[in-house]
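As a plain string of letters, each chain reads:
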Amino acid sequence: MILVKLIEDDDGLGSPPEWAAVEMQGELETRRHTPLERQYVGDLFATIHDGVPILIIGHHILYGKAQTFEKPFAVMKKKPDADEYVVEAIVTKKLLFKNRPKPIIACNSDDL
């Protein structure tokens with residue numbers, strides 16, 4: 001599961017940040033078959049008018065949809081040398097990319 005931080009809206013209450021889970025069909029692999037943990041994968045955007053999530057990975061683009069979890073879940077981290085946990089973030093949404101990626105084709109102005 002890939003977790004992404006959503007744009008922060010500082011409410012002044014010290015609330016944990018809101019994150020979203022990214023769900024895709026299939027697998028992501030690197031050319032060298034290295035783990036993707038804490039690695040740059042692609043660029044994530046949302047359209048201005050209707051908030052459609054767009055994920056660009058290499059030369060491919062994926063269009064998805066945002067869904068709200070019925071029951072949000074917390075990302076927690078254990079404090080060192082203590083039996084306490086700190087809430088790092090609240091995951092409230094899922095960005096679902098279930099269609100095949102489409103290739104991005106560059107067009108040179110000389111070709112027009």
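Here the structure is a predicted model, which is why all the values come from computation and not from measurement.

Cut-off values and rules
Residues numbered from 1 in each chain as written. Predicted model: local features only at pLDDT ≥ 70, side-chain atom pairs only at ≥ 80, totals over all residues. Heavy atoms only, no water. Buried < 20%, exposed > 50% of the residue type's maximum accessible area, 1.4 Å probe, protein only. Helix = DSSP H or I, 4+ residues; strand = E, 2+ residues; numbered from the N terminus. Pairing = 2+ DSSP bridges. Core = buried A, V, L, I, M, F, W, Y, C linked by side-chain atoms within 4.5 Å. Contact = heavy atoms within 4.5 Å. Salt bridge = Lys/Arg side-chain N within 4 Å of Asp/Glu carboxyl O. Patch = residues over 30% accessible without salt bridge, like charges linked within 9 Å, V, L, I, M, F, W, Y side chains within 5 Å. Areas by Shrake-Rupley, 256 points an atom, 1.4 Å probe, with all protein chains shown as cover.

Quick look at the pairing of strand β4 (residues 53-57) now. Summarising burial for β4: four of the five residues are buried, a large majority. The pairing of strand β3 (residues 43-46) with β4 spans four bridges and is classified as antiparallel. Each residue of the ladder has a partner; that of Leu44, found in β4, is Leu55. Linking β3 to β4, which pair antiparallel, is a turn of six residues; within it Gly51 sits at a positive phi near 70°.

One finds Val4, Ala20, Val22, Leu55, Ile57, Leu62, Leu95 and Phe97 forming the largest nonpolar core, which totals eight residues. Elements represented by at least two residues in this core include exactly β2 (18-24), β4 and β7 (85-97). When sequence neighbours within four positions are dropped, the list of residues in contact with Ile57 reads Met24, Leu28, Val41, Gly42 and Leu62. Counting five residues, the second-largest nonpolar core is a separate cluster that includes Trp19, Ala21, Val75 and Val91.

Bringing the pattern of salt bridges into the picture now. Two side chains with opposite charge may pair up if their charged atoms get near one another. Tallied over the full model, the rule gives two salt bridges. Two residues, Glu23 and Lys94, come together in a salt bridge whose shortest N-O distance is 3.4 Å. Here Glu23 is found in strand β2, whereas its partner Lys94 is found in strand β7, with 71 residues between them in sequence. We classify Glu23 as partly exposed; its relative accessible area is 35%. Among the ionic pairs, Glu84 bridges to Lys79, the shortest N-O distance being 3.5 Å.

Let us look at a nonpolar patch on the surface. A surface patch of nonpolar side chains, amounting to about 190 Å² of accessible area, comprises Ile2, Leu28 and Leu36. Relative to the helices and strands, Leu28 resides in the loop between β2 and β3.

Turning next to the pairing of β2. Bridging between strand β1 (residues 2-5) and β2 involves four bridges; their strand directions are antiparallel. Within the sheet, the bridge partner assigned to Val4 lies in β2 and is Ala20. As defined by bridge partners, β2 adjoins β7 across seven bridges and the pair is classed as parallel. By the bridge assignment, Glu23 is partnered in β7 with Leu96.

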